[in-house]
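Tertiary structure, described
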Amino acid sequence: MSRILVLLLCLRLALGAGPVWAGAWPRDEGETFLSFGGNVALFGGAMRPVHYDPMFYAEHGLTARLTLGIDGYTADAGTAGSLFAWLRLPWRPGDGDDVWAVSTGIGATLLPDGTHEATTRLGLHWGRGLESGWLALDAQGQLGVTRLSHQAKIEATWGHKITPLWTSLFQGQAGYGLSGDLYAKLSASVIWHTTETFDLRLGLTRAMTGDRGGGLTLESWWRF
């Protein structure tokens, strides 16, 4: 893990409604959402595409429509990672129940040879609220500005409110990495709404490609 990513993760730990990846829904004006976590235990010889994968994510509602965020992570046993700042703006082409948004960001990507490359990112986000949950699709593509490294992913999410204290979360993610390798993984989690402003997510993540290993995931979510 690079020194920059370690420093920012430590800052995130010091700083410490809805899914962690808020997707198409804008953050309320003046509200901040903060999350960090990763896999705390591995099984099945997990290395790629599932490893400890520490991550942090923060977003703040600048206005009723404009959301500012920052996120970072490492993966593939610390040989890959990124750090991005971004903006997300709602976009609704129709008058139905669907919610759309676009996002754009600039940041740095950790390449397999240990160097960093300035990188641009573009995202398209869709969501739909359900009677007791939500559905979401989030697609992102990244392109380096000097060495033209590129990668892309799409993530599908289904959240279901079980009780006022518990929500289930099912996610699937697929994409290709910096070396052009295709990957896919699935996860199932439960979210414990401990207070109005703090949640804990505990889940299992399983790789469907690569070594097909898995991990026990723990994340904390704050809203203030």
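Residues numbered from 1 in each chain as written. Predicted model: local features only at pLDDT ≥ 70, side-chain atom pairs only at ≥ 80, totals over all residues. Heavy atoms only, no water.

Some words on the side chain of S168
How we decide: Counting from the N terminus, the helices are DSSP H or I runs at least four residues long and the strands are E runs at least two residues long. Relative accessibility thresholds used throughout: buried, under 20% of the residue-type maximum; exposed, over 50%; partly exposed, between the two (1.4 Å probe, protein chains only). Throughout, a contact is declared for two residues whenever any of their heavy atoms are within 4.5 Å.
Looking at where S168 falls in the secondary structure, it is placed in strand 9 (residues 166-176). With relative accessibility at 8%, the residue S168 sits in the buried group. Once you skip the residues sitting within four places of it in the chain, S168 turns out to touch W158, G159, H160, I162 and S189.

Some points on the pairing of strand 11 (residues 198-207)
Note the following rule: We call two strands paired when DSSP finds no fewer than two bridges between them.
Going residue by residue along strand 11, you find D199, R201, G203, T205 and A207 tucked away on one face and F198, L200, L202, L204 and R206 left uncovered on the opposite face. Relative to strand 11, strand 10 (residues 182-193) runs antiparallel, the two sharing nine bridges. Residue I191 lies in a different strand from strand 11, and its bridge partner there is R201. As paired strands, strand 11 and strand 12 (residues 214-223) are joined by nine bridges and run antiparallel to one another. Paired with F198 across the strands is W222, a residue of strand 12. Connecting strand 11 to the antiparallel partner strand 12 that follows it, the hairpin turn spans six residues, and G210 within it adopts a positive phi of roughly 65°.

Overview of the side chain of T32
Applicable threshold: Whenever two N or O atoms come within 3.5 Å, that pair is a polar contact, provided that in protein one can donate a hydrogen and the other can accept it, and provided that, for residues adjacent in sequence, both atoms are side-chain atoms.
As for its position among the elements, T32 is in strand 1 (residues 32-43). Within the structure, the side chain of T32 is placed 2.7 Å from the side chain of H60, a separation counted as a polar contact. Those residues within four positions of T32 in sequence are excluded, and the remaining contacts are E59, H60, W222, R223 and F224.

What to know about unusual backbone geometry
Residues R48 and P49 are joined by a peptide bond in cis, for which omega reads 5°. Summarising the element assignment, P49 is placed in the loop between strand 1 and strand 2 (55-61). Of note, the phi angle at D53 is positive, near 50°, even though the residue is not glycine. Residue D53 is classed as buried on the basis of its relative accessible area of 15%. The phi dihedral of L148 is positive, around 60°, even though this residue is not glycine.

A look at the pattern of salt bridges
Cut-off, in case you're wondering: Between Lys or Arg on one side and Asp or Glu on the other, a salt bridge is scored when a side-chain nitrogen of the former is within 4 Å of a carboxyl oxygen of the latter.
For the structure shown, the criterion picks out eight salt bridges. Here E59 ties to R27 by a salt bridge, and the two come within 2.8 Å at their closest N and O atoms. Pair noted here: E59 is in strand 2 and R27 is in the loop between helix 1 (3-15) and strand 1, with a separation of 32 residues, a long-range link. Since its relative accessible area comes to 2%, E59 is described here as buried. Relative accessible area serves as the criterion here: at 4%, R27 is assigned to the buried category.

A closer look at the confidence of the model for the chain
The condition is simple: Each residue carries a pLDDT score, the predictor's confidence in it, ranging from 0 to 100.
On average, residues of the chain score 87 in pLDDT, and 89% of them reach the 70 mark or higher. Between residues 1-21, whose pLDDT stays under 50, and residues either more than four places distant or in other chains, the model counts 39 contacts.

Points about the environment of T157
By the element assignment, T157 lies in strand 8 (residues 150-161). On the basis of relative accessibility, which here comes to 8%, the residue T157 falls in the buried class. Along the backbone, T157 and G127 are 30 residues apart, and their C-alpha atoms lie at a distance of 9.2 Å. The contacts of T157, once residues within four sequence positions are left out, are W134, L135, A136, L169, F170 and Q171. Of note is the side chain of T157, whose polar atom sits 3.2 Å from the side chain of Q171.

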